[in-house]
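# Summary of the model geometry
Each chain is listed here by its residues.
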Amino acid sequence: MNLLFANDTAGTYPPSLYAATRDPSPARPALAGRMRADVCVIGAGYTGLSAALHLAEAGRSVIVLEAHRAGFGASGRNGGQIGSGQRLEVDALEKMAGKAVARRLWDMAEEAKALTADLAKRAGQRVWPGIAHCALHPSEVHHAHAMAERLARDYDYDLIEPLDREGLRALIPSPLYIGGDIDRGAGHVHPLNLALGMARLAEAAGAVILELSPVTHIEHGESAGAPSRIATAEGEVIADHLVLAANGYLDHLEPSVAARVMPINNYIVATEPLGARMKDVLTQPIAAHDTKFVVNYWRPWGERLVFGGGETVSYRFPRDIQAMVRRPLEQVYPQLKGVRIDYAWGGTLAITMNRMPCFRRPAPNCLSASGYSGHGVAMATLAGKLMAQAIEGTSNGFDVMGALPCAPFPGGSHLRFPLLMLGMGWYGLRDRLGF
């Protein structure tokens, strides 16, 4: 089964709140015949669009091939949260790579936030400040408070405010959580409009974006100076450099990366307009997420609550997404029991074994970045810039990320699904039992 088309109609954005409120974005033509470019980018999400923008601004000729529409995948369906740091916290990164590298990775994550905010501003998109981190257990509250102190002391980041039960509930009126923190340096954005804005910026710089052009085959150049051939059903691109930015949809195009990057599905709903009830859900226009393994995350959009929760590893989305997400929604907010849900949608993201992005050089003239593990709005945007810089001859940032361990899933791309289903089933049971 081709994951690109397992759950979606070709070229049609999913029935999400984001699609219903997206900025105008004219359909672009598909690839037809042969084209030549300095760089071919596969995928028009944050990674690919950022790479295309930065390469075009550097004077390169760039062609972006997108199987559906710009921002169609995870970039246009996610929770819109622009979080601080990497997917792993600094203590885990220090153990993995040492304090000096952990600090470099933190600084890169701060650069990622700043870059995303700058591109959002250039594209006319607003970033709302603030993300709350909601803990269920005393040990998690203690860890959150200790981490806030450590970041302020060792990483010069003092924008996280520890919160006790009362402090958190003053922001998040939910009986489920007992404390946490609020990161005023993080934020949230309309994710699809951010992607569409980045597409406009890339095209204004000279990049060509071709939609409805799923790639069927890649022939890598045999040496650093030899061009690659990227084929679709209706044409081909000959390019000196290739950027793989398909994330969870990469699959058969590059098996060495696909073995290390696992696509999983996540689900979101948007409620009816809550009106005056919104103050009983969020007292400020902040986003939030919690400490569950299968994380719940939410944010306001006008008078609606956008709430994400639930994951599956199978190719197919469940038949009733609304019912799947309603359960954690009503656990977090019992006061919303029976609330009407106006939108329900799923999306495919990608994870790695250690939850850090997978940066690879699959061939002499090919760069790949993927596997953002639910932390991709800012990091994917930075990844595109880092790949553009590497093509331009400055690869320090790319090489720092590429040096991190990125082991293949047990069983490679063939057995990773059943093995991950077992692991996710266990952690999901722990969430349900309250461990």
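These remarks concern the structure in this document. Please read all numbers here as calculations on a predicted model, not as lab measurements.

On to the overall build of the protein chain, then. If you tally the helices and strands in the protein chain, you get 13 helices and 17 strands. Taking 435 residues into account, the globule formula puts the C-alpha radius of gyration at 22 Å, and the protein chain, at 21 Å, falls close to it. Taken along the three principal axes of its C-alpha coordinates, the protein chain extends 60 × 45 × 45 Å. Counting all 435 residues of the protein chain, 57% fall into the buried class. By sequence separation, contacts in the protein chain at least 24 residues apart represent 77% of the contacts at least 6 residues apart. Treating the 42 positive side-chain charges of the protein chain as one cloud and the 42 negative ones as another, the clouds have centres 4 Å apart.

Quick look at the environment of Val189 now. Checked against the element boundaries, Val189 lands in the loop between strand E6 (179–188) and helix H8 (191–204). The buried category is assigned to Val189, whose relative accessible area is 0%. As a C-alpha pair, Val189 and Ala287 span 98 residues in sequence and 9.6 Å in three-dimensional space. Ignoring anything within four residues of it in the chain, the contact list for Val189 reads Gly80, Ile82, Arg126, Val127, Trp128, Leu194 and Arg299.

Take the pattern of salt bridges next. Scanning the entire structure with this criterion turns up 26 salt bridges. A salt bridge links Arg69 to Glu211, with the nearest nitrogen and oxygen atoms 2.8 Å apart. With Arg69 in the loop between strand E2 (62–65) and strand E3 (81–82) and Glu211 in the loop between strand E7 (208–210) and strand E8 (215–219), this residue pair connects regions lying 142 residues apart in the sequence. For Arg340, the salt bridge goes to Asp342, with nearest N and O atoms at 2.7 Å. With a relative accessible area of 45%, Arg340 lands in the partly exposed category. A relative accessible area of 30% places Asp342 in the partly exposed class.

Time to look at the pairing of strand E17 (residues 366–370). When you tally the buried positions in E17, you get five out of five residues, the bulk of the element. Residues Cys366, Ser368 and Ser370 of E17 are buried on one face, and the alternating residues Leu367 and Ala369, pointing to the opposite face, are buried as well. Bridge count between strand E16 (residues 358–363) and E17: four bridges; the pairing is antiparallel. Within E17, the residue paired with Ala363 across the bridge is Cys366. With antiparallel pairing between neighbouring strands as the criterion, E16 and E17 make up a hairpin whose turn holds two residues.

Assignment of secondary structure puts His375 in the loop between E17 and helix H11 (376–391). The contact partners of His375, leaving out residues within four places of it in the chain, are Gly83, Ser84, Gly85, Gln86 and Arg87.

Attention shifts here to the packing of aromatic side chains. The relative placement of two aromatic rings is captured by the distance of their centres and the angle of their planes. Within this structure, the stated rule accounts for 10 aromatic pairs. Ring geometry for Trp298 versus Phe307: centroids 5.6 Å apart, planes at 20 degrees, classification stacked. Note on accessibility: Trp298 and Phe307 belong to one class, buried. Ring geometry for Trp298 against Tyr333: centres 6.0 Å apart, planes inclined by 80 degrees, an arrangement best described as edge-to-face. Within this pair, whereas Trp298 is found in strand E13 (residues 297–301), its partner Tyr333 is found in the loop between helix H10 (321–332) and strand E15 (341–351), the two being separated by 35 residues in sequence. Given a relative accessible area of 1%, Trp298 falls into the buried group. Members of the aromatic cluster, each reached through a chain of ring pairs, are Tyr177, Trp298, Phe307 and Tyr333. The side chain of Arg77 reaches across the aromatic face of Phe72, ending 4.7 Å from its centre.

What follows is about helix H6 (residues 138–154). Relative to the 24 Å expected for 17 residues at 1.5 Å per residue, H6 spans 24 Å between its end C-alpha atoms, a close match to the ideal helical length. All of the buried residues in H6 are Val141, Ala144, Met147, Ala148 and Leu151. For H6, the angular spread of the buried residues around the axis is 125 degrees, confining them to a single face. Of the exposed residues in H6, those oriented more than 90 degrees away from the buried face are Pro138, Ser139, His142, Glu149 and Arg153. Buried residues in H6 make contact with helix H4 (90–97), helix H5 (99–122), strand E4 (128–135), strand E5 (160–163) and E6. Two residues or fewer past H6, Asp156 is found with a positive phi of approximately 55 degrees.

Further remarks concern the packing of H5 against H11. Remark: H5 packs on H11, axes separated minimally by 8 Å, with the N-to-C direction vectors making an angle of 90 degrees. Between H5 and H11, the angle falls in the class roughly perpendicular. Across the interface between the two elements, Met108, Ala109, Glu111, Ala112, Lys113, Leu115, Thr116 and Leu119 from H5 touch Val377, Ala378, Met379, Thr381, Leu382, Lys385 and Leu386 from H11.

Below, the discussion takes up helix H3 (residues 46–57). Here H3 is 12 residues long and its end C-alpha atoms lie 16 Å apart, about the 16 Å a rise of 1.5 Å per residue gives. Taking burial as the measure, the 12 residues of H3 include 11 buried ones, the bulk of the element. Of the positions making up H3, those classed as buried are Tyr46, Thr47, Gly48, Leu49, Ser50, Ala51, Ala52, Leu53, His54, Leu55 and Ala56. Phi turns positive, to about 95 degrees, at Gly59, one or two residues after H3.

Among the secondary structure elements, Ser213 is positioned in the loop between E7 and E8. Classification of Ser213 by relative accessible area gives buried; the value is 3%. The contacts of Ser213, once residues within four sequence positions are left out, are Ala30, Leu31, Leu65, Glu66, Ala67 and Thr232.

Turning our attention to the environment of Arg165. Relative to the helices and strands, Arg165 is located in helix H7 (residues 165–169). Classification of Arg165 by relative accessible area gives partly exposed; the value is 35%. In this structure, the C-alpha to C-alpha distance between Arg165 and Val141, residues 24 residues apart in sequence, is 9.3 Å. Every residue in contact with Arg165, bar those within four places of it in the chain, is listed here: Tyr177, Ile178 and Gly179.

So, how was this worked out
- Each chain has its residues counted from 1, following the order in which its sequence is written.
- Note on the predicted model: pLDDT of at least 70 is required for a residue's local features to be given, and 80 or more for side-chain atom pairs to be given and counted; whole-chain, interface and lining totals, by contrast, use all residues.
- With hydrogens and water stripped out, all remaining heavy atoms of the structure feed into the side-chain values.
- Helix and strand labels come from DSSP, where a helix needs a run of H or I of at least four residues and a strand needs a run of E of at least two; each type is numbered from the N terminus.
- Each radius of gyration is computed over the set of C-alpha atoms, and the globule rule expresses the reference value as 2.2 Å times the number of residues to the power 0.38.
- Note on exposure labels: buried denotes an accessible area under 20% of the residue type's maximum, exposed denotes more than 50%, and partly exposed covers the range between, all computed with a 1.4 Å probe on protein chains only.
- We call two residues in contact when some of their heavy atoms are within 4.5 Å.
- As used throughout, the charge tally considers Lys and Arg to be positive and Asp and Glu to be negative, leaving His and the chain termini uncounted.
- Here the site of a charge means NZ on Lys, CZ on Arg, CG on Asp, or CD on Glu.
- Note on definitions: salt bridges are taken to be side-chain nitrogens of Lys or Arg within 4 Å of carboxyl oxygens of Asp or Glu.
- Criterion used throughout: strands pair if DSSP finds at least two bridges between them.
- In this analysis, rings of Phe, Tyr and Trp, with Trp reduced to its six-membered ring, are considered paired at centre separations within 6.5 Å, and the interplanar angle assigns stacked below 30 degrees, edge-to-face beyond 60, and tilted for intermediate values.
- Counted as over-ring charges are cases with an Arg CZ or a Lys NZ within 6 Å of the ring centre that also lie within 35 degrees of the ring normal.
- A helix's residues, less one, multiplied by 1.5 Å, set its expected span.
- The directions from the helix axis to the C-beta atoms are what the arc is built from.
- A fitted line through C-alpha atoms serves as each axis, taken over the contacting stretch for helices, and the angle formed by two N-to-C directions is quoted from 0 to 180°.
- Orientation is classified from the angle alone, with under 35 degrees giving roughly parallel, over 145 giving roughly antiparallel, 65 to 115 giving roughly perpendicular, and any other angle giving oblique.

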